[in-house]
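An overview of the molecular structure
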Amino acid sequence: MNDILTLMTPRLLSFKNKKSGNLARLLMFGIIGVIFWGGLFAVSLRLLSYFQNIEELGNILAWKLLSMVLVIYFSLLVFSSILTALSKLFLSKDLMLVHAMPVSSYKIFCARWIESAVDSSWTIIIFTLPVLISYGIVFKSGPFFYALIIMVLLLLSLIASILSAVLVMVTVIIIPPGRIKSIFVFLGLLLFLLLYLAFRVVRPERLVDPEAFENFLSYLKILETPSSPYLPSTWAFDAIQASLTRVSHTMFLNLFLLAACAGALIFMSLIIADAFYMKGVSKSQTARKTLRKPKVKKNPRILSFLPGHVQAYVIKEIKTFFRDQTQWSQIFLILALIVIYIYNFKVLPLERAPIKTVYLQNILAFLNIGLASFVLTAITGRFAYPAVSIEGEAFWIVSSSPIRLKTFLWIKYFIYFVPLLVLTEVLIIATNILLQVSPFMMWLSIVTILFVVPSVVALGIGLGAAYPDFNAENAAQAITSFGGLIFMMLAAVYITAVIVLEAGPVYRIFISGIYDRNIPIFRWLWIIGSFGLAALISICTVVFSMKYGVRNLTKSSRRIT
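Now for a look at the structure at hand. The numbers attached to residues start from 1 for each chain and follow its sequence in the written order. Where totals are concerned, whole chains, interfaces and linings use all residues; where local detail is concerned, this predicted model gives features only for residues with pLDDT of at least 70, and gives and counts side-chain atom pairs only at 80 or more. Calculated side-chain values reflect all of the structure's heavy atoms, with hydrogen atoms and water omitted.

Thoughts on the packing of helix H5 (residues 105–138) against helix H6 (residues 143–174)
Put simply, the test is: Only the stretch in contact is used when a helix axis is fitted, and all axes are lines through C-alpha atoms; the angle between N-to-C directions ranges over 0 to 180 degrees. Each helix is a run of DSSP H or I of at least 4 residues and each strand a run of E of at least 2, with the numbering of both proceeding from the N terminus. Take the far helix as the reference: if the near one is turned anticlockwise from it by less than a right angle, the crossing is left-handed, and if turned clockwise, right-handed. Only heavy atoms enter the contact rule, under which two residues are in contact if any of them lie within 4.5 Å. Residue polarity is assigned by list, with Asp, Glu, Lys and Arg as charged and Ala, Val, Leu, Ile, Met, Phe, Trp, Tyr, Cys and Pro as nonpolar; anything else, Gly included, falls into the polar class.
In contact at an axis separation of 8 Å, H5 and H6 are set at 145 degrees when each is read in the N-to-C sense. Both H5 and H6 take part in a crossing whose hand is right-handed. On H6, the residues touching Phe109, Trp113, Ala117, Ser121, Ile125, Thr128, Leu129, Leu132, Ile133, Tyr135, Gly136 and Ile137 of H5 are Phe145, Tyr146, Ile149, Ile150, Leu153, Leu154, Ser157, Leu158, Ser161, Ile162, Ala165 and Met169. A breakdown of the residues in the contact of H5 with H6 according to their chemical character gives 19 nonpolar, five polar and no charged.

Below, the structure is given as structure tokens:
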């Protein structure tokens, strides 16, 4: 145990030795987190209170919601743990130094696993707690319930993290070291399948479509149907439900199942790690450091219109992206999320809504602009924002090259702008086709996204250049920094401003079209002014974001060189 604590000491000291200048950033993170936590708690409490007012069906809906929350929680833990364990166990820069110490390999595995478990689960635990606390308040539970949910969440986190660590370790052993990229392809496909299965298990569209069942009893039955009894999330659900309904023996039984599963998995993982972890590390390091004879290839003809130095940078960026397995492997997960996003619109029961379909279709289409923009922000934060930080220690080569940093940033901008524009437009057009919106709403969505995408990407590239983290081991670490928080906040403010500016004019045009009314000239001036202001904000966002990024990156490069 002392050896494990010694191995974790550098990580613990890193928190202690933070510079005092980070206090303001920590305070800002804390304030935003508290606001979001409080909002989530208020929404959960309001929803559960509403369920309690529904006779007979209210508790069933509350249990179904709890089951869905725990399934999603466990799925997110597995996704996060796989990526974190892969980075901590096999891709960290200090692995060779750590394994040179006179310590058993299973102890190194244990220390690394504890770090990855904490990194992958703390955020999910914090933002799941308000939902579960609201259950305790609504069902008037005692203090023991709140201790129970903490134990349940911790045990689920341990199970998810140790399963992910063993899965990653076994995969690295099985796949030849020369094909390390295949590991990420496998993990990406696995993430896609797990996400799809988790989504289909909860079947949320059936909750709003009781007419799909033969009678009311069958509807109640499907609501009461739990997840698989072999899933840890089911044991967690049964334990929490038993605590809320005061069934002590069921609660302790399921809590024991969770604890026994976690203990058995940890014990088995240590045995596997003692036998195979060092071999996997050796294979992964060999695969990363094997030198291959470079192949001389001509530049693609599609880039022939660009100047020579720009072509070189574009090709370098594309190759860097596909050589970084932690980047391109997550495309599978993004594709899965997009498929589910579009599928949600397909199963909407619009014809059963109390509002006329023509109104509801176009209202949803307008709101979909905002939703798609926030999806764009998340993808931009994951890929475009870390674009400068992933240069790492080699950034001095870029800063000392004859090409200007302004050109360097604009190259990165267009490399991410084009695919993100295509992706978001496809998302908007596909969902609008499923909603069968009016031609006006279709064109409005397309044009709005045409202005939103360059602005959000410029925010990502500009702020990523202004707050680079060249010491980050992977791109995921960059977005969790202070600059990443600023990017998310500014992107949310910008998207909200555009939606608010367009909401009034869109409503007037839509209502006038339905009732065949003429729009007065002063209304047209207001409509043109609102759309023009939204376009002006978008253009200014692009210009000022890129200028801010160039200015701050220039200062950083001077310090480096």
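Now that the structure has been shown, we can carry on.
A closer look at the environment of Leu45
Here Leu45 shows up in helix H2 (residues 22–52). Sequence separation between Leu45 and Pro130 is 85 residues; the distance between their C-alpha atoms is 8.7 Å. Dropping the residues within four chain positions of it, Leu45 is found in contact with Ser134, Ile137 and Val138.

Looking at the packing of aromatic side chains
The following threshold applies: Stacked, tilted and edge-to-face are the three classes applied to pairs of Phe, Tyr and Trp rings, where Trp contributes its six-membered ring and a pair requires centres within 6.5 Å; stacked means planes under 30 degrees apart, edge-to-face means over 60, and tilted covers the rest. The rule is simple: take the accessible area with a 1.4 Å probe, protein chains only, and divide by the maximum for that residue type; under 20% is buried, over 50% is exposed, in between is partly exposed.
Using the criterion set out here, one finds 13 aromatic pairs in the structure. Plain terms: the ring middles of Phe109 and Tyr277 are 5.7 Å apart, the flat faces sit at 65 degrees to each other, and that makes the pair edge-to-face. You can see Phe109 sitting in helix H5 and its partner Tyr277 sitting in helix H10 (residues 248–289), a full 168 residues away along the chain. As far as the burial class goes, Phe109 and Tyr277 line up, both buried. Where Phe414 meets Phe417, the ring centres are 6.2 Å apart and the plane angle is 85 degrees; that geometry is what we call edge-to-face. Of this pair, Phe414 and Phe417 both sit in helix H16 (residues 405–435), three residues apart, which is roughly one turn of that helix. Residue Phe417 is classed as buried on the basis of its relative accessible area of 15%.

So, the nonpolar core
Nonpolar side chains in soluble globular proteins tend to end up buried together. Heads up, the rule is: We define the nonpolar core as a collection of buried residues of types Ala, Val, Leu, Ile, Met, Phe, Trp, Tyr and Cys that are connected through side-chain atoms lying within 4.5 Å of one another.
Counting 65 residues, the largest nonpolar core has Phe90, Phe109, Tyr135, Leu156, Ile240 and Tyr277 as the members making the most contacts within it. Elements supplying a minimum of two residues to this core: helix H1 (2–16), H2, helix H3 (57–91), helix H4 (95–99), H5, H6, helix H9 (232–244) and H10. Of the residues forming this core, the biggest block, 15 residues, is contributed by H3. Counting 61 residues, the second-largest nonpolar core is a separate cluster that includes Phe408, Ile449, Ile461 and Ala465.

A closer look at H9
Keep this limit in mind: To estimate the expected span of a helix, subtract one from its residue number and multiply by 1.5 Å.
Over its 13 residues, H9 extends 19 Å from the first C-alpha to the last, a length consistent with the 18 Å expected when each residue adds 1.5 Å. Burial runs high along H9: 11 of the 13 residues are buried. Regarding H9, the residues found buried are Pro232, Ser233, Thr234, Trp235, Ala236, Phe237, Ala239, Ile240, Ala242, Ser243 and Leu244. In the stretch just after H9, Arg246 is the one whose phi turns positive, near 65 degrees.

Things to note about the pattern of salt bridges
Heads up, the rule is: Salt bridge, as used here: a side-chain nitrogen of Lys or Arg that lies within 4 Å of a carboxyl oxygen of Asp or Glu.
Scanning the model with the defined rule gives two salt bridges in all. Across the pair Lys88 and Glu115 runs a salt bridge, and its minimum N-O distance is 3.6 Å. Here Lys88 is found in helix H3, whereas its partner Glu115 is found in helix H5, with 27 residues between them in sequence. Accessibility expressed as a relative area gives 14% for Lys88, which makes it buried. Residue classification places Glu115 among the buried residues on the basis of a relative accessible area of 11%. Across the pair Lys88 and Asp119 runs a salt bridge whose closest N-O atoms are separated by 3.4 Å. Linking Lys88 in helix H3 with Asp119 in helix H5, this pair joins segments that are 31 residues apart in sequence. Taken together, the shared-partner salt bridges in this structure form one network comprising Lys88, Glu115 and Asp119.

Some thoughts on unusual backbone geometry
The phi dihedral of Lys140 falls on the positive side, at around 55 degrees, and the residue is not glycine. Its place among the elements puts Lys140 in the loop between H5 and H6. Judged by relative accessible area, which is 69%, Lys140 ranks as exposed. Despite not being glycine, Arg246 shows a phi value in the positive range, around 65 degrees.

A look at the packing of H16 against helix H17 (residues 439–466)
In plain terms, the rule: Oblique is the label for any angle not covered by the other classes, which are roughly parallel (under 35 degrees), roughly antiparallel (over 145) and roughly perpendicular (65 to 115).
One can describe the packing of H16 onto H17 by two numbers: an axis separation of 9 Å at closest approach and a directional angle of 150 degrees. One finds that H16 runs roughly antiparallel with respect to H17. As H16 packs across H17, the resulting crossing turns out to be right-handed. When grouped by side-chain class, the residues that make up the contact of H16 with H17 number 20 nonpolar, three polar and two charged.

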